[in-house]
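Chain by chain, the residues:
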Amino acid sequence: MQEILIRNGRIIDPSQDVDGTGDVLIRDGRISAIWTSGSGSSLNGAVGNELIVIDASGCVVCPGFVDLHAHLREPGYEDKETIATGARAAAAGGFTTVCCMPNTNPAIDNLATLNYVRQVAASESIIRVLPVAAITKKLAGVELCEMGELARGGAVGFSDDGRPVPESLVMRYALEYARMLDRPIISHCEDLDLAKGGVMNEGLVATKLGLRGIPAAAEDIIVARDIALAELAGGRLHITHVSTAGAVELIRRAKEKGLRVSADATPHHLVLTDEWVAGQRRATGMSSSWAPMPPYNTNTKVNPPLRTRVDTEALVQGLRDGTIDAIATDHAPHTVVDKQCEYDQAEFGISGLETALGLLMTLVQDGHIDLDLLISKLTAGPARVLGLPFGTLEEGDVADVTIFDPQMEWRVDPDTFASKGKNTPLAGLVLRGRVVYAIAGGSIAFSDRKLSRVARGVEARGVVEA
């Protein structure tokens, strides 16, 4: 087990209200000590010479990011992604814990498949991978899975992501069982009848492009239904990849009533709008824009679709006031064949693990949210939603640490992604803010060695370079 000393970084840990320059010592896979300026002590003389030393000057040191919604595709779709490649992409993006969605082939709707995912993750992943099990068998929305067995087997939640549970009675029963198991139901909110045939947000841009739209009401209707069912059943409801202003307001009201409802939003729904489908690459609240791209870029096709500026601004406000508890990537890698086709025929999804921080930092740089809030929505927030003991730098806890340079500019080049999925509409953009180290369970899972300092004579075993 590596012994690591992180020096001179800006330590931000929202779970402990820590924000100050200092040092972090990692021993035996756990946070051994933290010293910040003004604490009255320092690390001088506290450690020996045989350790890895990371100079974090100019960088932020924070808990490892927790992604409660990602698609790692294995088993069944290894041409798109594997647990191993997805884990490397996650580490490069600063994520040390990733919850993988169950819409694999076969689906994670039984103990055998769940155990397979856990075994592959244990042997091939450089970070922590936690499986989310299906709500219904074969994701068909008809018959509940053996939820108790799956919870005992290690499922951290239940979701039919990619599709909603269409029958209200089935959803009610799922929430009741999940309540007894103390697991959240993670709901993909989409009225399939209203959304049928849609490929982007319904509105002026879709009309100009001649593409069939998905109205915001398709999301709002199921959000309202699931909140009502959560109140009836008393279960824990988590609404994932929220994209509309209406859904934000419904969730806000549910929380005001004291219901057990939480929510996440993705980086692309927080920053990008439906104008991107038309080739206009503008970020939330920015008067300027990045260089345009040709319209109909299928890498902008995602479900739920990119919405309007009114929706993105409502989502950002939801981050600020606590309506949105977490940021999740909804990392959805696809092959070139899946995306290099007509817009109507392309698969939905964006490969987002490796660009999440850089994209989200635009919200900080433009003054929409502060850095502490962003970090909390990537760490303590998602950990709290799932009841996980991560997202903190508290002494004695597992050493999951992300180090990033908030000023580092870099150009998005999908060819350099660790993920098999190169499907991003951000290709060619220059972003500011990049991960330089990810430490998972006390071991270095990712290193951009150009910005690190490793003590001479110490071999950094297991380091994955950018």
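Relevant structure appears above.
Computed from a prediction, not measured in an experiment: that's the story for all the values here.

Colleague: Tell me about the environment of leucine 181, residues and numbers included.
Modeller: Residue placement: leucine 181 occurs in helix α4 (residues 168-181). For leucine 181, a relative accessible area of 23% puts it in the partly exposed group. As a C-alpha pair, leucine 181 and alanine 228 span 47 residues in sequence and 20 Å in three-dimensional space. When near neighbours in sequence (up to four residues on either side) are disregarded, leucine 181 contacts Met147, Gly148, Ala151 and Phe158.

Colleague: Give me the lowdown on the packing of aromatic side chains, citing residues and values where you can.
Modeller: Inspection of every chain in the model, using the stated rule, returns three aromatic pairs. Note on phenylalanine 65 and phenylalanine 404: the rings are 6.5 Å apart at their centroids and 50 degrees apart in plane angle, and the pair reads as tilted. A residue pair is termed long-range when its members are at least 10 positions apart, and phenylalanine 65 in strand β6 (residues 65-70) and phenylalanine 404 in strand β15 (residues 401-411) qualify at 339 residues. Comparing phenylalanine 65 with phenylalanine 404 shows no difference in burial state: the two are buried. With centroids separated by 6.0 Å and ring planes inclined at 70 degrees, the aromatic side chains of tryptophan 276 and tryptophan 290 adopt a geometry described as edge-to-face. You can see tryptophan 276 sitting in the loop between α9 (267-271) and α10 (309-321) and its partner tryptophan 290 sitting in the loop between α9 and α10, a full 14 residues away along the chain. For the pair tryptophan 276 and tryptophan 290, one class covers both residues: buried. Taken together, the ring pairs connect Phe65, Phe95 and Phe404 into an aromatic cluster. The ring of phenylalanine 390 has arginine 128 sitting right over it, with the charged end atom 3.8 Å from the ring centre. Here the basic side chain of arginine 434 rests over the ring of tryptophan 410, its NZ or CZ set 4.5 Å away from the ring centre.

How each quantity is defined
The residue numbers shown here count from 1 along each chain, following its written sequence. Predicted model: local features are reported for residues with pLDDT of at least 70 only, side-chain atom pairs are reported and counted for 80 or more only, and whole-chain, interface and lining totals are derived from all residues. To obtain the side-chain values, all non-hydrogen atoms of the structure were used and water was disregarded. Secondary structure counts use DSSP, requiring at least four H or I residues in a row for a helix and at least two E residues in a row for a strand, with both numbered from the N terminus. Three exposure classes are used, based on accessible area relative to the maximum for each residue type with a 1.4 Å probe and protein chains only: buried under 20%, partly exposed in between, and exposed over 50%. In this analysis, two residues are considered to be in contact whenever any of their non-hydrogen atoms come within 4.5 Å of each other. A pair of Phe, Tyr and Trp rings is counted when the ring centres sit within 6.5 Å of each other, with Trp represented by its six-membered ring. The angle between the planes then sorts it: under 30 degrees is stacked, over 60 is edge-to-face, the rest tilted. Any Lys NZ or Arg CZ found within 6 Å of a ring centre and within 35 degrees of that ring's normal is scored as a charge over the ring.

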